[in-house]
Amino acid sequence: MAHLDEGLTMHVAIIGGGYAGMAAAVTLAQHGIKAALFEASQTLGGRARRVILNDICLDNGQHLLLGAYSETLRLVKLVAPADAAWLRRPLQLHTLGGLRLSAPYLPAPLNTLLALLGARGMSAGERFRAIRFMLVQRRAHFKLRQDMPVAQLLAHHAQTAALVDKLWAPLCIAALNTPIATASAQVFLNVLRDSLARRRSDSDLVFPVRDLSALFPQPAADFVRTHGGAVTTGKTVEAITQTAAGFSVHGGNYTHLICAVAPYQATRLLAGLDELNQVRTLINAFHYQPIATVYLQYPAQVMLAKPMLGLAGGLAQWVFDRGITHHQHGLLAVVISAEGHHRKLAAAVLAQQVDAELRSALGALPAPHWHKVIVEKRATYSCDAGLQRPAQATALKNFYLAGDYTASDYPATLEAATQSGVKCAQLILEQT
C-alpha cells in the first residue's frame, strides 16, 4: 500500500462506475493502490451501459469509437487482453442517397485528402472547398485564436450550405452531439486533428462487438478486484463529508476522493464543500443534449452492406447493423443525436417514422418484430463555443473530478471520460 508524505496510509474512494471512474480505478490498481469504488446502479457503465430487454443485451446508446481513442482502446486491451472487443474498419462514411467517402490505406493526412478528392455525392467544387478547409486548418495546427461556433468557422472558410449539410454538420453532430449553430469550433477542430490528420489508423472506425458494460467497465471491475480493490454496485452515495484526514463516504474514511459521476449529479455531491463552489458554478452553467437510439428487430435475414450507414433528409442520422457487430441478426440501431422535434414524438410514433425512413432508404423491408426506443435526455453536455469546463484537480486538497465534462481537448466521448479518469489517478500517484 502506498503512503502519503506525512505517513498516513493512502485510501482512495471513487464515486461512479462509468468509464471515467473505472479508468481511474484500473490505473490505481496497476500501481498498487486499492481503491474503493461505489456505483449507484447495479450495472456498470454510467451513460454507456448495458440494457437488457427480454434477455437481449442492448446499450443505452449506440457508440462508435475512433482509432484515435488510444486511451480507451489501451484500457480495454489491458483488462481483457485475450478477448476480441471490437471490429475495426478503415474510415468509410456512406450516406444512403448522399455522400460516399472512403479513405485509402495510405499515411495521414494523404488518406483523408484523397478520400475527399474521390468522394461521391459532392460536386468537384465542393470537394476542393473541403480539401482547402482541411489544408488551411492543418497549416494553423487546427488551432483558433478564439473559439467560435462551427457554423461561423465554416462560413468564414466559404463552405457552402450544401457542403455543410452533406459533410460538416453530420460530422459535428456525430462528434460533439451539438448543432453547428452553437458547437465549439475549437473542439471540432481537435477531433478533426486527431482523427484525420495524424496517423492513418487514427481515422479507423472501431465498432464494439460487446455491450458497453462488457466492453470495459465489467472486466475493469474484475481487474480492480483481482488487484485488491473493491467495486460496490447498487450503492448510492448521498453525501461526502470532510474529515481531519480527508473524506468520509458511506462510513468509510478516505484520504483521497475521485468524483466520477455525471455533472448534473456532481452538483449534489459537491454541496457543502465550500472550496468547490466555483466548480458548481461552472457545472450549473452547462446545458445538455439528448441522444435517442431506436432499436428495430427485423427478421434475421435483414442486414446492411456495412456496419454503419448514414441517413439523410429525415430524423434518422445513422443506422448500425448489430448483426454484423454483435451477432444480433436483423437488429438495427438507429441514432438520432442532439435536440430536435423528434423529442415531442411518442416512442411508438418515433419508431414507426424511423421504420418508414429505413424503408425509403433501403427498399422493401419486412415488418419489425419489435422496437425499443431509448432516450438519454442528458446524454452529453452541449459542447458550445467558449464553454468553460472544470479541471480534474480542484481547489479542495485531494479531491478530483473525473468525467467526459472535465477539461479536455475532446467533447463528451468515451475517450474524454477515460482520459479524465487516468489523469485523476496520475495526480494521486504523483503523491506516492
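Reading guide: rules and limits
Numbers given for residues are sequential positions, taken from 1 along each chain in its written order. At least 70 in pLDDT is required for a residue's local features to be given in this predicted model, at least 80 for side-chain atom pairs to be given and counted, and no such filter applies to totals for whole chains, interfaces and linings, which use all residues. To get the side-chain values, take all heavy atoms of the structure and skip hydrogens and water. Segments assigned H or I by DSSP are reported as helices when at least four residues long, segments assigned E as strands when at least two residues long, and all are numbered from the N terminus. Here the globule rule is a power law, 2.2 Å times the number of residues to the power 0.38, and the radius of gyration is based on C-alpha atoms. Exposure is judged per residue with a 1.4 Å probe applied to protein chains only, and the accessible area is read against the type maximum: over 50% gives exposed, under 20% gives buried, and values in between give partly exposed. In what follows, a contact means two residues having at least one pair of non-hydrogen atoms within 4.5 Å. The protein chains shown are the only cover counted for residues, whose accessible areas, like all others here, come from Shrake-Rupley with a 1.4 Å probe. His is not counted, nor are the chain ends, whereas Lys and Arg count as positive and Asp and Glu as negative. Working definition for charges: the position is that of NZ of Lys, CZ of Arg, CG of Asp or CD of Glu. Two cysteine sulfurs form a disulfide in these notes if their separation is within 2.5 Å. When DSSP finds two or more bridges between a pair of strands, those strands are recorded as paired. What makes a nonpolar core is a set of buried Ala, Val, Leu, Ile, Met, Phe, Trp, Tyr and Cys residues whose side-chain atoms join them at distances within 4.5 Å. In this analysis an axis means a line fitted to C-alpha atoms, helices contributing only their contacting stretch, and an angle means the value between N-to-C directions, from 0 to 180 degrees. A helix is expected to span 1.5 Å for every residue after the first. Salt bridges are counted wherever a side-chain nitrogen of Lys or Arg sits within 4 Å of a carboxyl oxygen of Asp or Glu. Any angle between 65 and 115 degrees counts as roughly perpendicular, while under 35 counts as roughly parallel, over 145 as roughly antiparallel, and the rest as oblique. Helix crossings fall into two classes, left-handed where the near helix is turned counterclockwise from the far one by less than a right angle and right-handed where it is turned clockwise. Residues are grouped as follows: Ala, Val, Leu, Ile, Met, Phe, Trp, Tyr, Cys and Pro are nonpolar; Asp, Glu, Lys and Arg are charged; every other residue, Gly included, is polar.

J.: Mind laying out the overall build of the protein, listing which residues take part and the relevant values?
T.: A count of helices and strands for the protein gives 14 helices and 20 strands. A compact globule built from 432 residues should have a C-alpha radius of gyration of about 22 Å, and the protein, at 22 Å, falls within 12% of that. Across the 432 residues that make up the protein, the buried fraction comes to 56%. Sequence separation of 24 or more characterises 69% of the internal contacts of the protein that already satisfy a separation of 6 or more. For the protein, the accessible surface area stands at approximately 18,000 Å², while carbon and sulfur atoms represent 52% of it. Considering the protein, the positive charge centre built from 38 side chains and the negative charge centre built from 28 side chains are found 6 Å apart.

J.: I'd like a rundown of the state of the cysteines, residues and numbers included.
T.: Applying the stated rule across the entire model yields 0 disulfides. With no disulfide of its own, Cys-383 lies closest to Cys-172 among cysteine sulfurs, the gap being 8.3 Å.

J.: Describe the environment of Val-422, with residues and values.
T.: By the element assignment, Val-422 lies in helix α14 (residues 414–429). Taking the C-alpha atoms as reference, Val-422 lies 6.1 Å from Thr-27; in sequence the two are 395 residues apart. The residues touching Val-422, leaving out its near neighbours within four places in the chain, are Ala-23, Ala-24, Thr-27, Glu-71, Arg-74 and Leu-75.

J.: How would you sum up the sheet that holds strand β12 (residues 247–249)? Please name residues and give values.
T.: Taking strand neighbours across the sheet as the criterion, the 3 strands line up as β11-β12-β13 in an open arrangement whose pairing is antiparallel. This sheet does not close on itself; its edge strands, each paired only once, are β11 (241–242) and β13 (252–254). Bridge count between β12 and β13: 3 bridges; the pairing is antiparallel. The partner of Ser-248 across the bridge, within β13, is Asn-253.

J.: Give a description of the environment of Gly-18 that names residues and reports values.
T.: Take Gly-18: it is sitting in the loop between β1 (12–15) and α1 (19–30). Along the sequence, Gly-18 and Val-261 sit 243 residues apart, while their C-alpha atoms lie 7.5 Å from each other. Sequence-distant contacts of Gly-18, defined by excluding residues within four places in its chain, comprise Glu-39, Gly-45 and Gly-46.

J.: Give me the lowdown on the nonpolar core, citing residues and values where you can.
T.: Residues Ile-14, Leu-28, Trp-168, Ile-258 and Phe-399 are the most contacted members of the largest nonpolar core, which totals 125 residues. The residues contacting Leu-28, other than those within four sequence positions of it, are Val-12, Ile-14, Ile-33, Ala-35, Ile-258, Ala-425, Ile-428 and Leu-429. Counting 20 residues, the second largest nonpolar core, distinct from the first, contains Leu-304, Leu-309, Leu-315 and Leu-350.

J.: So what's going on with the sheet that holds strand β19 (residues 370–381)? Which residues, and what values?
T.: With antiparallel pairing, the 5 strands of this open sheet are ordered in space as β16-β17-β18-β15-β19. On the outer flanks of this sheet lie β16 (308–310) and β19, each paired with one strand and no other. Direction aside, the axes of adjacent strands within the sheet are offset by 20° on average.

J.: Go over the pairing of strand β3 (residues 50–53), please, and point to the residues and values.
T.: Strand residues, when the strand is regular, have side chains that alternate between the two faces of the sheet. Strand direction decides the pairing type here: β3 and strand β4 (residues 56–59), joined by 4 bridges, are antiparallel. For Ile-52, the partnering residue across the bridge sits in β4 and is Cys-57. The hairpin formed by β3 and β4 contains 2 residues between the paired strands, and Asn-54 there has a positive phi angle of roughly 50°.

J.: Quick one: what's the story with α1, residue by residue and with numbers?
T.: With 12 residues, α1 should reach 16 Å at 1.5 Å per residue; the first-to-last C-alpha distance of 16 Å fits that figure. Here α1 lies mainly inside the structure; 11 of its 12 residues are buried. Every buried residue of α1 is accounted for by Tyr-19, Ala-20, Gly-21, Met-22, Ala-23, Ala-24, Ala-25, Val-26, Thr-27, Leu-28 and Ala-29. Positive backbone phi, at 85°, marks Gly-32, one or two positions downstream of α1.

J.: Provide a residue-level description of the pattern of salt bridges, including the pertinent values.
T.: Throughout the structure, instances matching the rule amount to 17 salt bridges. Between Glu-71 and Arg-74 there is a salt bridge, with the nearest N and O atoms lying 2.5 Å from each other. Placement of both Glu-71 and Arg-74 in helix α2 (residues 70–79) is noted, with a separation of 3 residues, approximately one turn of the helix. Judged by its relative accessible area of 18%, Glu-71 falls in the buried class. Put simply, Asp-194 and Arg-193 hold a salt bridge, and the shortest N to O gap is 2.7 Å. Both residues of the pair, Asp-194 and Arg-193, belong to the buried class. Members of the salt-bridge network, linked through shared partners, are Arg-193, Asp-194, Arg-198, Arg-199, Asp-202 and Asp-409.

J.: Provide a residue-level description of the packing of helix α3 (residues 110–117) against helix α4 (residues 124–139), including the pertinent values.
T.: Contact geometry for α3 and α4: axes closest at 8 Å, N-to-C directions at 160°. With respect to each other, α3 and α4 are oriented roughly antiparallel. As for the relative orientation of α3 and α4, their crossing is right-handed in sense. Residues Thr-112, Leu-113, Leu-116 and Leu-117 of α3 form the contact with α4, whose participating residues are Arg-127, Phe-128, Ala-130, Ile-131, Met-134 and Leu-135. Tallied by class, residues from the contact of α3 with α4 come to 8 nonpolar, 1 polar and 1 charged.

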